Amino acid sequence: MNHIEIYTDGACKGNPGPGGWGVLLKSASAEKELFGGEAVTTNNRMEMTAVIEALQALKRPCQVTLYVDSQYVLKGITEWVKGWKARGWKTASKEPVKNVELWQKLDDLVANSGHQIDWRWVRGHNGDPGNERADQLANRGVDLALGRR
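Here is a short report on the structure shown in this document.

Cut-off values and rules
- Residues numbered from 1 in each chain as written.
- Predicted model: local features only at pLDDT ≥ 70, side-chain atom pairs only at ≥ 80, totals over all residues.
- Heavy atoms only, no water.
- Helix = DSSP H or I, 4+ residues; strand = E, 2+ residues; numbered from the N terminus.
- Buried < 20%, exposed > 50% of the residue type's maximum accessible area, 1.4 Å probe, protein only.
- Contact = heavy atoms within 4.5 Å.
- Areas by Shrake-Rupley, 256 points an atom, 1.4 Å probe, with all protein chains shown as cover.
- Lys, Arg positive; Asp, Glu negative; His and termini not counted.
- Charge placed at Lys NZ, Arg CZ, Asp CG, Glu CD.
- 1 Å grid on protein atoms, 1.4 Å probe; cavity = no way out; pocket = protein on both sides within 12 Å on 5 of 7 lines; lining within 4 Å.
- Points joined across faces, edges and corners; volume = space filled by probe spheres on them.
- Nonpolar A, V, L, I, M, F, W, Y, C, P; charged D, E, K, R; others polar.
- Pairing = 2+ DSSP bridges.
- Axes fitted to C-alpha atoms, helices over the stretch in contact; angles between N-to-C directions.
- Core = buried A, V, L, I, M, F, W, Y, C linked by side-chain atoms within 4.5 Å.
- Salt bridge = Lys/Arg side-chain N within 4 Å of Asp/Glu carboxyl O.
- Expected span 1.5 Å × (residues − 1).
- Polar contact = N/O pair within 3.5 Å; in protein donor to acceptor, adjacent residues only side chain to side chain.

Below, the discussion takes up the overall build of the chain. For the chain, the count of helices and strands is four helices and five strands. The secondary structure elements of the chain, listed N-terminal to C-terminal, are β-β-β-α-β-α-α-β-α. In terms of overall dimensions, the chain has a C-alpha envelope of 40 × 40 × 25 Å along the principal axes. Counting the 149 residues in the chain, one finds 44% classified as buried. For the chain, long-range pairs separated by at least 24 residues make up 66% of all intrachain contacts whose partners lie at least 6 apart in sequence. Total accessible area on the chain stands at roughly 7800 Å², and carbon and sulfur atoms take up 48% of it. Taking the average place of the 20 positive charges on the side chains of the chain and the average place of its 18 negative ones, the gap between the two points comes to 4 Å.

So, in structure tokens, the structure goes:
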């Protein structure tokens, strides 16, 4: 099973507002950058979209070290999702889970892709080279959403 490092980030200019997501995939022999954006979105949606796009980009099961700077994504997928599913995608306070369609897609990818994922949190905007590149890519996604290249 190939090992791959993935750095993801989301960005939003206004919340909601135009947003972007960025992904840096690194293997022993190659690097790949991905990014995209939406005209009206939220920062949390872009953080989640980055992870979804990264995992969907992998063509076969991999051993993944996945770096996120979003506690929302990290805790959501490693802690909260079990309870949400048990409660029919409701929070502990019986409210509908926000961004439920993205959580369901991410949960399905994690459960059924065959990837072995080691989730890691990294402090954003703190000089980590992979995170900084993912942030730059997310901002390119914002530019794309705004019609700028």
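Okay, the layout of surface pockets next. Taken as a whole, the largest pocket spans an internal volume of roughly 300 Å³. For the lining of the largest pocket, the secondary-structure elements that each account for two or more residues are strand 1 (3–12), strand 2 (17–26) and strand 3 (31–41). Along the lines of polarity and charge, the residues of the lining of the largest pocket split into six nonpolar, three polar and five charged.

Here we take up the sheet that holds strand 3. Spatial strand order, 3-2-1-4-5: five strands in an open sheet with mixed pairing. Two strands bound the open sheet, and with one partner strand each, they are strand 3 and strand 5 (116–121). Recorded for the sheet is a direction-independent mean angle of 20° between the axes of neighbouring strands. Looking at chain direction, strand 1 and strand 2 are connected through eight bridges and run antiparallel. Bridge pairing links Ala11 to Gly20 in strand 2. In the packing of helix 1 (residues 43–57) onto the sheet, the strands contacted are strand 1, strand 2, strand 3, strand 4 (63–68) and strand 5, and the crossing angle to strand 1 comes to about 155°.

The subject of this paragraph is the nonpolar core. In this structure, Ile6, Leu55, Leu66 and Trp103 are the most contacted members of the largest nonpolar core, which totals 32 residues. Residue assignment for this core shows that the elements contributing at least two residues are strand 1, strand 2, helix 1, strand 4, helix 2 (71–86), helix 3 (100–112) and strand 5. Setting aside anything within four residues of it in sequence, one finds Leu66 in contact with Ile6, Thr8, Val51, Leu55, Ile117, Asp118, Trp119 and Arg120.

The next point concerns the pattern of salt bridges. Enumeration according to the criterion identifies seven salt bridges in this entry. With a shortest N-O distance of 2.8 Å, Arg133 and Glu31 are connected by a salt bridge. Taken together, the residues span a long stretch of sequence, with Arg133 in helix 4 (residues 129–145) and Glu31 in strand 3 at a distance of 102 residues. When the shortest N-O distance is used, the salt bridge between Lys85 and Asp107 registers 3.0 Å.

A few words on helix 1. Between its terminal C-alpha atoms helix 1 stretches 21 Å, which fits the 21 Å expected from 15 residues at 1.5 Å a residue. Those residues of helix 1 that sit buried are Met46, Glu47, Met48, Thr49, Ala50, Val51, Ile52, Ala54 and Leu55.

Here Ser70 is to be found in the loop between strand 4 and helix 2. Overall, the relative accessible area of 6% leaves Ser70 in the buried class. Engagement of the side chain of Ser70 in a polar contact is seen with the backbone nitrogen of Val73, the distance being 3.1 Å. Apart from residues lying up to four places away in sequence, Ser70 is in contact with Glu47 and Trp121.

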